[in-house]
Amino acid sequence: MNKETRRIFYARLAELDPNPTTELHYTTPFELLTAVLLSAQATDVGVNKATAKLFPVANTPAAILALGQEGLESYIATIGLYRSKAKHLLETCRILIEQHGGEVPNDRDSLEALPGVGRKTANVVLNTAFGVPTIAVDTHIFRLGNRTGLAPGKDVRAVEDKLLKVTPPEFLLNAHHWLILHGRYVCKARKPECWRCVVNDVCDYRSKQLTPPKGF
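Criteria and thresholds
- Residues numbered from 1 in each chain as written.
- Predicted model: local features only at pLDDT ≥ 70, side-chain atom pairs only at ≥ 80, totals over all residues.
- Heavy atoms only, no water.
- UniProt positions renumbered as here; feature names shortened; annotations may be inferred.
- Helix = DSSP H or I, 4+ residues; strand = E, 2+ residues; numbered from the N terminus.
- Buried < 20%, exposed > 50% of the residue type's maximum accessible area, 1.4 Å probe, protein only.
- Contact = heavy atoms within 4.5 Å.
- Areas by Shrake-Rupley, 256 points an atom, 1.4 Å probe, with all protein chains shown as cover.
- Lys, Arg positive; Asp, Glu negative; His and termini not counted.
- Charge placed at Lys NZ, Arg CZ, Asp CG, Glu CD.
- Expected span 1.5 Å × (residues − 1).
- Bend = angle between axes of the 7 residues up to and from the residue.
- Core = buried A, V, L, I, M, F, W, Y, C linked by side-chain atoms within 4.5 Å.
- Axes fitted to C-alpha atoms, helices over the stretch in contact; angles between N-to-C directions.
- Parallel < 35°, antiparallel > 145°, perpendicular 65-115°, else oblique.
- 1 Å grid on protein atoms, 1.4 Å probe; cavity = no way out; pocket = protein on both sides within 12 Å on 5 of 7 lines; lining within 4 Å.

The protein is annotated in an unreviewed UniProt entry as Endonuclease III of Chitinilyticum piscinae. Of the protein, the UniProt comment under Catalytic activity (unreviewed entry) reads exactly: "2'-deoxyribonucleotide-(2'-deoxyribose 5'-phosphate)-2'-deoxyribonucleotide-DNA = a 3'-end 2'-deoxyribonucleotide-(2,3-dehydro-2,3-deoxyribose 5'-phosphate)-DNA + a 5'-end 5'-phospho-2'-deoxyribonucleoside-DNA + H(+)". Taken from UniProt, the Sequence similarities (unreviewed entry) comment for the protein reads in full: "Belongs to the Nth/MutY family."

Shown next as structure tokens:
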């Protein structure tokens, strides 16, 4: 994929969804950070169901800390790895209060110093909560970057670095959301739905199925 086809690729995704955003429900940076921490190896739908019960009761670091381990677990027990996630979230809340005045920091180093927060989570928070033009590469975006030829790379960091280099500046802010949604709903892992893909003519994937199978 060359510079011009990449521009076409993004332009079509932008036309389809001009204002993309995360499917996690949140109203503050802390709620977003909490939701992303809970979303590891879980679905956004599952996280949203849990936070719909949690956030009306506790949606600040102090309120989460007041719940304690067992109290917090009772709200998120439907999510995978909930015990370790509760522990990390409580530790994160303590650090936010002690070191950041109870606010979510808007710099990478401070975010990645929080328990359970890696580069991907930091990128999501920086991009979605603070408008930083960065791209969090998950399994969907890693697959899409390699399959389409948009940003091939041997690992997640390589794909991220390539995307940051080749994504046209005007599309960089929303690129993460366009790519993850496209990978989640169209360019699926096992059976990409190429027949309804708006970028199938500029994609490098060699095994495109342009005719929908029976039942679609």
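We are not done yet, so read on.
**Details of the overall build of the protein**
Broken down by element type, the protein carries ten helices and zero strands. Reading the protein from its N terminus to its C terminus gives the helix and strand order α-α-α-α-α-α-α-α-α-α. With the C-alpha coordinates of the protein rotated into their principal frame, the extents come out at 55 × 40 × 30 Å. Burial status across the protein gives 45% buried among its 216 residues. Sequence separation of at least 24 residues holds for 58% of the intrachain contacts in the protein that already meet a minimum separation of 6. Carbon and sulfur atoms form 53% of the exposed surface of the protein, whose accessible area is close to 11000 Å². In the protein, which carries 27 positive and 22 negative side-chain charges, the distance between the mean positions of the two groups comes to 9 Å.

**Overview of helix α4 (residues 61-76)**
With 16 residues, α4 ought to run about 22 Å at 1.5 Å a step, yet its terminal C-alpha atoms sit only 16 Å apart, falling short of that. Taking the largest bend as the criterion, α4 deviates by roughly 105°, centred on G68. Among the residues making up α4, those that are buried are P61, I64, L72, E73 and I76. Packing partners of the buried residues in α4 comprise α2 (29-38), α3 (44-54) and α5 (82-100).

**Let's talk about the nonpolar core**
The tendency in soluble globular proteins is for nonpolar side chains to be buried as a group. Judged by nonpolar contacts, the single largest core of 33 residues is most densely connected at L33, I64, L72, I76 and L111. With residues near it in sequence (within four places) discarded, L111 still touches V104, P105, V117, A122, V125 and L126. Ranked by size, the runner-up nonpolar core spans 24 residues in total, among them Y10, V137, I180 and V199.

**Observations regarding the packing of helix α8 (residues 139-148) against helix α10 (residues 169-185)**
Between α8 and α10, the shortest axis-to-axis distance is 8 Å and the interhelical angle comes to 85°. With respect to their mutual orientation, α8 and α10 come out roughly perpendicular. Along its contact with α8, which presents H140, I141, R143 and L144, the element α10 presents H176, L179, I180, H182, G183 and R184.

**Examining the UniProt feature "binding site: [4Fe-4S] cluster" (unreviewed entry) in the protein**
Mapped onto this numbering, the UniProt entry annotates "binding site: [4Fe-4S] cluster" (unreviewed entry) at C187, C194, C197 and C203. Sequence-wise these annotated residues cover 17 residues; spatially they are packed, their C-alpha atoms never more than 10.8 Å apart. Put simply, the named residues that line the largest cavity are C187, C194, C197 and C203. Counting through the fold element by element, C197 comes out in the segment after α10. In contact with C197, not counting residues within four places along its chain, are H182 and V186. Checked against the element boundaries, C203 lands in the segment after α10. Among the residues examined, C203 registers a relative accessible area of 13% and is labelled buried. Not counting residues within four places of it along the chain, the set of residues in contact with C203 comprises M1, R147, T148 and K208.

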